[in-house]
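Here is how the chains run, residue by residue.
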Amino acid sequence: MDNREDPGAAAEVDAGTGSGSASPNSDDEAGASGQSEMDFLRNLFSRTLGLGSEKPEKVLDELTLEGMSKFLLSEKCKKVVCMVGAGISTAAGIPDFRSPGTGLYANLQQYNLPYPEAIFEISYFKKHPEPFFALARELYPGQFKPTVCHYFMRLLKEKGLLLRCYTQNIDTLERVAGLGEEDLVEAHGTFFTSHCTSSWCRKSYSLDWMKEKIFSSLIPKCEKCQSVVKPDIVFFGENLPSRFFSLMQSDFRNVDLLIIMGTSLQVQPFASLVGRVPTNTPRLLINKEKTGESDPLMSLMGFGCGMDFDSEKAYRDVAWLGDCDEGCLALAELLGWKKELEELVREEHAAIDAKSGQAVGDGTGARSSPAKEGKQPRSPKKKCEEE
């Protein structure tokens, strides 16, 4: 299983940053800490192994997409967190990573890598940056339009429902679709900014500066020290952004509904987030296949997703299997938002085409330049009236 950071980093965030000196109340604090840890372990064993007789509270009328839509429109649902991966951008023409035959890792032979994942490993990049920047020319932000999934999250924001979007993607399409910096946790970083890789320099560079270098077929070098400049995406072997750890504590403790789209939930610690929500929080998976299901061993290690779609004990998890855009359209129809969503996609894609000087297209897969961020909110939370 992939890990993008030191496995101890999350624990360090949870533990805080206290000083090494003892305090007068240190014994009491240690006792309280030990008790809370024991309570945590008891609850973890109980949830993971199905111990105890207490039945979970029923949170959905039915374990279907329709049941999810009813919950989303209810007064119980005021804060939605979305977790998204490469699958929401494939309709824009960007390949995902792991699909056999079509995924990014299956089509890297031209770069002569020792193994596919090396192109995103920081140790390999420092010695051989050329393959990454060659690939970056093909996938660079600004060549693609956001998909229906991206604009569905935009609607959630406009209706006052989106608490946060946690994305594994580095394509910046969430920003293009109108989500602001405060709406986003770009867990694996972003192309939006870049920095010199020298630890003593760390000079920052803009998206336009990096784009100019990459499309000139040049290895970007720092103007101050001549070290390689790297986009602020998280390579294997690097820590995740501090924003990921600082916000996940409160976001996942207070979320009312978790929507997971287009991710295999294979990369840690991102995948473990689905297990951080309260036990009465519904979780909707929109994906080509089921993922994130219970694994007792991984749960005990702290990486368990614990999703349960099919057992007799299932009570809050729903899987809609298929194309992510189709899943969002199906959910939007049940919510009464489909017409509004389709209109938003048309308007935004037309604006992108107009800005780039291209003819207006109607497919989500057309390439183009980014649109200006956002528009004025369209309607409140509840069902919009048909025009």
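Right, let's walk through the structure included here. Keep in mind it's a predicted model, so treat the numbers as computed, not measured.

## A word on the overall build of the protein
Scanning the protein from terminus to terminus reveals twelve helices and eleven strands. The buried share among the 387 residues of the protein stands at 47%. A separation of at least 24 residues holds for 72% of the contacts in the protein among residues at least 6 apart in sequence. With the model as given, the accessible surface of the protein reaches about 18900 Å², and the carbon-plus-sulfur share is 50%.

## A few points about the packing of aromatic side chains
One pass over the structure, following the stated rule, counts 13 aromatic pairs. Arranged with centres 5.0 Å apart and planes meeting at 90 degrees, the rings of Phe244 and Phe245 form a pair that is edge-to-face. The burial state of Phe244 is the same as that of Phe245; both residues are buried. In textbook terms, an aromatic cluster arises when at least three aromatic residues are bridged by ring pairs, as seen for Phe120, Phe125, Phe132, Phe133, Phe191 and Phe235.

## Re unusual backbone geometry
Glycine aside, residues mostly have negative phi angles, and peptide bonds mostly take the trans form. In this structure, Pro269 follows Gln268 across a cis peptide bond, with omega equal to 5 degrees. Along the chain, the position of Pro269 falls in the loop between strand 9 (267-268) and strand 10 (283-287). At Thr172, a position not held by glycine, the phi torsion is positive, near 65 degrees. When you line up the elements, Thr172 lands in the loop between strand 3 (162-167) and helix 7 (173-176). Its relative accessible area of 7% is what places Thr172 among the buried residues. Notably, Gln226 is not glycine yet its phi reads approximately 70 degrees, a positive angle. Relative to the helices and strands, Gln226 is located in the loop between helix 8 (207-215) and strand 7 (229-233). A relative accessible area of 53% means that Gln226 is categorised as exposed.

## Re the sheet that holds strand 11 (residues 317-321)
As summarised here, the arrangement of the six strands in space is 4-3-2-8-10-11, forming an open sheet in which the pairing is parallel. Here the strands that pair on one side only, and so sit at the sheet edges, are strand 4 (184-186) and strand 11. Each adjacent strand pair in this sheet contributes to an overall mean axis angle of 15 degrees, direction not counted. Pairing of strand 3 with strand 4 involves three bridges; the strand directions are parallel. Looking at strand 4, one finds that Thr167 is bridged to Glu186. Where helix 9 (residues 242-254) meets the sheet, it contacts strand 2 (80-84), strand 3, strand 4 and strand 8 (257-261), and its direction lies at approximately 140 degrees from that of strand 3.

Definitions and cut-offs
Residues numbered from 1 in each chain as written. Predicted model: local features only at pLDDT ≥ 70, side-chain atom pairs only at ≥ 80, totals over all residues. Heavy atoms only, no water. Helix = DSSP H or I, 4+ residues; strand = E, 2+ residues; numbered from the N terminus. Buried < 20%, exposed > 50% of the residue type's maximum accessible area, 1.4 Å probe, protein only. Contact = heavy atoms within 4.5 Å. Areas by Shrake-Rupley, 256 points an atom, 1.4 Å probe, with all protein chains shown as cover. Phe/Tyr/Trp six-rings, centres within 6.5 Å; stacked < 30°, edge-to-face > 60°. Pairing = 2+ DSSP bridges. Axes fitted to C-alpha atoms, helices over the stretch in contact; angles between N-to-C directions.

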